[in-house]
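# Coordinate analysis (summary)
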Amino acid sequence: MTGSGPILPGGILGVVGGGQLGRMFALDARRMGYEVVVLDSDPESPTGQVANDRIVAPYTDTDAVMRLVERCDVVTYEFENVNAAAVATAEGAGFVRPGSHVLRVAQHRLVEKGALAENGFPVPEYAEVDTMADMVRAVERIGTPAVLKTATSGYDGKGQIVLRSAVDMREAHAELRRQSVALILEAFVPFDMEISVIAARGPDGDVVCFPPSENQHVNGILDVSIVPARISDEVRNAAVKLASGIAEALDVVGLVAVEMFVTIEGELLVNEIAPRPHNSGHYTQDACATSQFEQLVRAICGLPLGSTELLSPVVMVNLLGDVWADAGGTPDWDAALGVRGSVLHLYGKAEARIGRKMAHINVTAPDVETALTRALDARERAAGRG
Ligand code: AMP
């Protein structure tokens, strides 16, 4: 643990969780001259492959989190389902950024919605659901269509059921009650578009935001991010203001990704927040002056935050394990990389399962429509359909 000055290159950064977000954080941190230690139960995790050292233990292991914090100048995490209690304990021994107070909010959809609403940030109408009687009351108040979600452990559209009408409610309630005690019913937002903004905040309270990204999901999983998002300047400014306000209100040191719905009327509603790098921010790697991963390093180390200037229109396409299945094995990288402006980011995962995030491709081009056409073409080529 260091004093009050910045943690300079040469320092040791810890990351809880060994997935692709940790990997890309570690790659940027190492480029900047830091050492990286990862905590993950798999020694060959995507982050483990590129870190300087590894603590091999489950991320829920309080002792292991403590060992990591004691060993590093600052520790961050790459997903929000780490043990908040373990993080809170470890905070006494060193810096964990963002702090456990942010984790607790982001881990629980009801706490999250409550904290946002309390601070005056717009969220879809919602209700807490425990018993079937709560469910009936919630559907009466909110109406249908609505979305029933587990309050914890949901990601990429998992743990949620859309209620088309009230007749679906008994079955949906029974189904999700099996997965989680706490449930939340949200009004279904007939959105025009989904966007996200990643805000970075340093220990001195300085905040900067990356440009909003227009996000398209398939089966609840991010498919494509388009930047600049095709929204008005008014919506763009409001989205950035919202994300910086949330970073401040939650006292985030590090990154916070804010996912929002743009309604048909052009209003913004916050869907969820993630206090870490975000899939929708991968475009920054090849299109911004500073990547979201370098920005995280800067923020948690107390260095000046980097420029978030967009240097080129860009589209990011996710490559799930499905691409491997379609290609009948290894994707056709040779064909994909023949697409002008394409940059491949491969996560080092041994097994390509359907729906598993394996890689992404960023494509920069003079305008977003061209970038979109080329990015989709690159993915088609990777899948052997070029
Ligand atoms: P989430 O896991 O909450 O981010 O949800 C995954 C995806 O489901 C979102 O990106 C939306 O496309 C959709 N979704 C979630 N909640 C709602 C809602 N209240 N209204 C409409 N669509 C939603």
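This structure is a prediction, so every number in the text was calculated from the model and none was measured.

## Considering the domain arrangement of the protein chain
- Domain boundaries assigned for the protein chain yield domain 1 (12-96), domain 2 (125-187) and domain 3 (191-382).
- Put simply, the middle of domain 1 and the middle of domain 3, counted by C-alpha atoms, are 22 Å apart.
- Of the residues lining the interface, 19 residues belong to domain 1; the matching set on domain 3 comes to 21 residues.
- Surface buried jointly by domain 1 and domain 3 totals about 1,700 Å² across both partners, of which 66% is contributed by carbon and sulfur atoms.
- Together, Gln20, Leu21 and Met24 form the three largest contributors to the area buried by domain 1 at its contact with domain 3, with a combined 30%.
- Inspection of the domain 1/domain 3 interface yields 8 residue pairs in polar contact (both at pLDDT 80 or more).
- Those elements giving two or more residues to the side of domain 1 that touches domain 3 turn out to be helix H1 (20-31) and strand S4 (74-77).
- Residue contributions to the side of domain 1 that touches domain 3 peak at 8 residues, all from H1.
- A breakdown of the residues in the side of domain 1 that touches domain 3 according to their chemical character gives 11 nonpolar, 3 polar and 5 charged.

## Here we look at the packing of aromatic side chains
- This model, assessed by the stated rule, comprises 3 aromatic pairs.
- Judged by centre distance (5.1 Å) and plane angle (10°), the rings of Phe191 and Phe261 are stacked. One end of the pair, Phe191, is in strand S9 (residues 191-201); the other, Phe261, is in strand S13 (residues 254-263), and 70 residues separate them in sequence.
- Look at Phe191 and you get partly exposed, because its relative accessible area is 34%.
- Relative to Trp333, the ring of Trp324 lies with its centre 5.5 Å away and its plane at 75°, an arrangement referred to as edge-to-face.
- We classify Trp324 as buried; its relative accessible area is 15%.

So, how was this worked out
- Position labels on residues start from 1 in each chain and follow its written sequence.
- Reporting in this predicted model follows two pLDDT cut-offs: at least 70 for local features of residues, and 80 or more for side-chain atom pairs to be given and counted; totals over whole chains, interfaces and linings ignore these cut-offs and use all residues.
- Processing note: side-chain calculations cover all non-hydrogen atoms of the structure and skip hydrogens and water entirely.
- Segmentation into domains, and thus their bounds, comes from an automatic or database assignment.
- Residue contacts are defined here by distance: any two heavy atoms, one from each residue, within 4.5 Å place the two residues in contact.
- Buried area, as used here, totals the accessible surface that two parts lose on assembly, with accessibility defined by a 1.4 Å probe and the loss added over both.
- Think of a polar contact as two N or O atoms within 3.5 Å of one another; within protein, one of them needs to be a possible hydrogen donor and the other a possible acceptor, and neighboring residues in sequence only count if both atoms come from side chains.
- Secondary structure counts use DSSP, requiring at least four H or I residues in a row for a helix and at least two E residues in a row for a strand, with both numbered from the N terminus.
- Basically, the charged four are Asp, Glu, Lys and Arg, the nonpolar ten are Ala, Val, Leu, Ile, Met, Phe, Trp, Tyr, Cys and Pro, and anything else, Gly included, counts as polar.
- Working definition: rings of Phe, Tyr and Trp (its six-membered ring) pair if their centres are within 6.5 Å, and the pair is stacked with planes under 30 degrees apart, edge-to-face with planes over 60 apart, and tilted otherwise.
- Burial status follows relative accessibility: with a 1.4 Å probe on protein chains alone, a residue under 20% of its type maximum counts as buried, one over 50% as exposed, and anything between as partly exposed.

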